[in-house]
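# Topology and contacts: notes
So the chains spell out like this:
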Amino acid sequence: MAVPKLKTLERDPVIEKLENGEYERQLDLFQDVIDEATAVLRRAYDAMKAENTLRS
């Protein structure tokens, strides 16, 4: 009777990225982009609000 060969288990790339923190780093970078965009939008909003203020 022939014995079946055992396949070498390949590592799932998603599991590897979870374990080495790749997704956490990407999330941190994305959060930085969101924070920068928020700051730009707040400045633009404040500038528009100041421009629309009635002055006598």
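Going by the structure above, here's the rest.
Residues numbered from 1 in each chain as written. Predicted model: local features only at pLDDT ≥ 70, side-chain atom pairs only at ≥ 80, totals over all residues. Heavy atoms only, no water.

Moving on to a nonpolar patch on the surface. The grouping of Val14, Ile15, Leu18 and Tyr23 at the surface amounts to a nonpolar patch, some 350 Å² of accessible area in total. Counting residues per element, the nonpolar patch draws most heavily on helix α1 (residues 13-20), which supplies three residues. (Patch = residues over 30% accessible without salt bridge, like charges linked within 9 Å, V, L, I, M, F, W, Y side chains within 5 Å. Areas by Shrake-Rupley, 256 points an atom, 1.4 Å probe, with all protein chains shown as cover. Salt bridge = Lys/Arg side-chain N within 4 Å of Asp/Glu carboxyl O. Helix = DSSP H or I, 4+ residues; strand = E, 2+ residues; numbered from the N terminus.)

Quick look at the pattern of salt bridges now. Here the structure, examined in full by the defined rule, presents three salt bridges. A salt bridge links Arg11 to Glu16, with the shortest nitrogen-to-oxygen separation between them at 3.9 Å. Owing to a relative accessible area of 47%, Arg11 belongs among the partly exposed residues under this scheme. Taking the relative accessible area as the measure of exposure, Glu16 reaches 37% and is therefore partly exposed. (Buried < 20%, exposed > 50% of the residue type's maximum accessible area, 1.4 Å probe, protein only.)

At a closest axis distance of 5 Å, the pairing of α1 and helix α2 (residues 22-51) adopts a crossing angle of 70°. In terms of orientation, α1 lies roughly perpendicular with respect to α2. Across the interface between the two elements, Val14, Lys17, Leu18 and Asn20 of α1 pack against Glu22, Tyr23 and Arg25 of α2. Residues of the contact of α1 with α2, tallied by class, amount to three nonpolar, one polar and three charged. (Axes fitted to C-alpha atoms, helices over the stretch in contact; angles between N-to-C directions. Parallel < 35°, antiparallel > 145°, perpendicular 65-115°, else oblique. Contact = heavy atoms within 4.5 Å. Nonpolar A, V, L, I, M, F, W, Y, C, P; charged D, E, K, R; others polar.)

Further remarks concern a negative patch on the surface. Together, Glu24, Asp28, Asp32, Asp35 and Glu36 give the surface a local cluster of negative charge. In this structure, Asp32 sits in helix α2. (Lys, Arg positive; Asp, Glu negative; His and termini not counted. Charge placed at Lys NZ, Arg CZ, Asp CG, Glu CD.)

Let us look at the environment of Arg25. Counting through the fold element by element, Arg25 comes out in helix α2. With a relative accessible area of 43%, Arg25 lands in the partly exposed category. Within the structure, the side chain of Arg25 is placed 3.0 Å from the side chain of Glu22, a separation counted as a polar contact. (Polar contact = N/O pair within 3.5 Å; in protein donor to acceptor, adjacent residues only side chain to side chain.)

On their own, these measurements won't tell you what the molecule is for.
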